[in-house]
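The chain contents come next:
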Amino acid sequence: MKIYVAGHRGMVGAAITRRLEAQRAAGEKLEIITRTSDALDLTDQAATRDFMQAERPDVVILAAARVGGIAANNTLPADFIYQNLMIECNVIHQAFEAGVTRLLQLGSSCIYPRAVGQPMAEDALLTGVLEPTNEPYAVAKIAGIKLCESYNRQHGVDYRSVMPTNLYGPGDNFHPEHSHVMPALMRRFHEAVQNNLDEVVIWGSGKPRREFLHVDDMAEASLFVLGLDAETYRANTEPMLSHINVGTGQDISIAELAAMIADVTGFEGTIRYDASKPDGTMRKLMDVSRLSRMGWSARLELAEGLRQTYAWFVANQDSFRR
């Protein structure tokens, strides 16, 4: 089987590639196709077409995306909506043109409305207004879902979408301004220890709650969904509501997360919360009952995942220096 992993250098794409390589080493007959962004610009329609026609993969895993934290989404909204729309349109359409009948697209929990019941079920999609800070990115990810569903309806292919909660783990973005909350806090506490600081200040009240899934669990879930037989998949989804949430089904407060990261990094000073800064959405928890019914649930506990991630960060911190 010939599998193209788009975005194999990103956190999720790399985890999926590692798992596929392990399956190949265990005896599965797999040919894993990858291209760096320098070698293949997925926002370029002609280049994507030529690649798909030349390689003609059996399966495509679309993990390529322009991603970032709240600061990046706020300052680069045009980049986020344009690049993600172009990647999705080019990869999905050109995969179809090349005869690909199986595709998995990875999205994000930000597709759901800002004011939505918790936990967020799949049927909450398009029922309300999106969070303004990341609306352009969310619109692009919703478009990806609808592209897959529309090609399924019109052309009878099997294109699926998975929507992960907040991900973390090896390969995460630890940029001081453009990263998500988990790596941002981990870097901040690490640098506080290195610089002998006695206080770390965190934006907001610390009360918002977030759910976190290790990227290795996400990779396992992605391949699980991709490998589901068509009957099981269709029995648990709807033609125009076919995406599947992936998460742990559990959340913690930012204050609890900060305390855990302080412990992992060895920070023993004071954690102060600047309540004058915005909290953002107070809770974002995924309803993972659909995926659970089909037979998959997360395995790695958050405390262990944080320890593994911090060890990876320390080993690779030179690459994060700015």
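Residues numbered from 1 in each chain as written. Predicted model: local features only at pLDDT ≥ 70, side-chain atom pairs only at ≥ 80, totals over all residues. Heavy atoms only, no water.

Colleague: Which residues make up the overall build of the protein chain, and what are the values?
Modeller: On a plain count of helices and strands, the protein chain comes out with 11 helices and 13 strands. Its C-alpha atoms give the protein chain a radius of gyration of 20 Å, within 12% of the compact-globule value 20 Å for 322 residues. Taken over the C-alpha atoms alone, the protein chain extends approximately 60 × 40 × 40 Å along its principal axes. Once local pairs closer than 6 in sequence are excluded, the contacts in the protein chain between residues at least 24 apart make up 81%. When the accessible surface of the protein chain is split by element, carbon and sulfur atoms take 49% of a total near 14600 Å². Placing the 32 positive and 40 negative side-chain charges of the protein chain at their respective mean positions leaves the two points 2 Å apart. (Helix = DSSP H or I, 4+ residues; strand = E, 2+ residues; numbered from the N terminus. Rg over C-alpha atoms; globule rule 2.2 N^0.38 Å. Contact = heavy atoms within 4.5 Å. Areas by Shrake-Rupley, 256 points an atom, 1.4 Å probe, with all protein chains shown as cover. Lys, Arg positive; Asp, Glu negative; His and termini not counted. Charge placed at Lys NZ, Arg CZ, Asp CG, Glu CD.)

Colleague: Mind laying out the packing of helix H2 (residues 45–55) against helix H4 (residues 77–97), listing which residues take part and the relevant values?
Modeller: Put simply, H2 and H4 touch, their axes get as near as 9 Å, and they point 35° apart. The hand of the H2/H4 crossing is right-handed. Of H4, the residues touching H2 (which contributes Gln 45, Thr 48, Arg 49, Met 52 and Gln 53) are Asn 90, Val 91, Gln 94, Ala 95 and Glu 97. Grouping the constituent residues of the contact of H2 with H4 by class yields 3 nonpolar, 5 polar and 2 charged. (Axes fitted to C-alpha atoms, helices over the stretch in contact; angles between N-to-C directions. Left-handed = near helix turned anticlockwise from the far one by under 90°. Nonpolar A, V, L, I, M, F, W, Y, C, P; charged D, E, K, R; others polar.)

Colleague: Explain the side chain of Arg 210 to me, and be specific about the residues and the numbers.
Modeller: Among the secondary structure elements, Arg 210 is positioned in strand E8 (residues 209–210). One buried charged residue, Arg 210, remains without a salt bridge, the closest side chain of opposite sign being Glu 131 at 7.5 Å. (Buried < 20%, exposed > 50% of the residue type's maximum accessible area, 1.4 Å probe, protein only. Salt bridge = Lys/Arg side-chain N within 4 Å of Asp/Glu carboxyl O.)

Colleague: Residues and numbers for the pattern of salt bridges, please.
Modeller: A side chain of one charge can pair with a side chain of the opposite charge when the charged atoms of the two come close. Summed over all chains, the structure comprises 18 salt bridges. Here Arg 35 ties to Glu 55 by a salt bridge, and the two come within 2.7 Å at their closest N and O atoms. Placement of the pair is Arg 35 in the loop between strand E2 (31–33) and H2 and Glu 55 in helix H2, with a sequence separation of 20 residues. Classification of Arg 35 as partly exposed rests on a relative accessible area of 31%. The exposure class of Glu 55 is buried, given its relative accessible area of 19%.

Colleague: Please provide a residue-by-residue account of the sheet that holds E8, values included.
Modeller: Across a sheet, strands are paired by hydrogen bonds formed along the backbone, either parallel or antiparallel in direction. Here we have 3 strands laid out as an open sheet, ordered E11-E8-E13, and mixed in their pairing. At either margin of the open sheet sits one strand with a lone partner, and together these are strand E11 (252–253) and strand E13 (283–284). Note that E8 and E13 share 2 bridges and pair parallel. From the neighbouring strand, Arg 209 faces E13, where its bridge partner is Arg 283. (Pairing = 2+ DSSP bridges.)

Colleague: Go over the nonpolar core with me, naming the residues and quoting the values.
Modeller: One broad rule of soluble globular proteins: the nonpolar side chains tend to lie buried together. Formed by 31 residues in total, the largest nonpolar core has its most connected members in Leu 20 and Leu 106. For this core, the secondary-structure elements that each account for two or more residues are strand E1 (2–6), helix H1 (11–25), strand E3 (59–62), strand E4 (102–106), helix H7 (215–227) and strand E10 (244–246). Considering each element in turn, this core owes the most residues, 7 residues, to H7. With residues up to four places along the chain from it excluded, the contact list for Leu 106 reads Val 12, Ile 16, Ile 61, Leu 62, Ala 63, Lys 141, Val 162, Met 218 and Ser 222. (Core = buried A, V, L, I, M, F, W, Y, C linked by side-chain atoms within 4.5 Å.)

Colleague: Please provide a residue-by-residue account of the side chain of Ser 108, values included.
Modeller: Structurally, Ser 108 is set in the loop between E4 and helix H5 (135–155). At a separation of 3.2 Å, a polar atom in the side chain of Ser 108 contacts the main-chain amide nitrogen of Cys 110. Sequence-distant contacts of Ser 108, that is, excluding residues within four places in its chain, are made with Tyr 137, Lys 141, Met 163 and Pro 164. (Polar contact = N/O pair within 3.5 Å; in protein donor to acceptor, adjacent residues only side chain to side chain.)

Colleague: Which residues make up H1, and what values do they have?
Modeller: With 15 residues, H1 should cover 21 Å at 1.5 Å per step; its first-to-last C-alpha distance of 21 Å lies within 8% of that length. Among the residues making up H1, those that are buried are Met 11, Val 12, Gly 13, Ala 14, Ala 15, Ile 16, Thr 17 and Leu 20. Buried-residue contacts for H1 involve E1, E2, E3, E4, strand E6 (166–168) and H7. Remark: Gly 27 follows H1 within two positions and exhibits a positive phi of approximately 120°. (Expected span 1.5 Å × (residues − 1).)

Colleague: Requested: an account of unusual backbone geometry, with residues and values cited.
Modeller: With an omega of -5°, the peptide bond running from Gln 118 to Pro 119 counts as cis. Considering the arrangement of structural elements, one finds Pro 119 in the loop between E4 and H5. Not every positive phi belongs to a glycine, and Leu 126 is a case in point at roughly 65°. Note that Leu 126 resides in the loop between E4 and H5. The phi dihedral of Asn 196 is positive, around 55°, even though this residue is not glycine.

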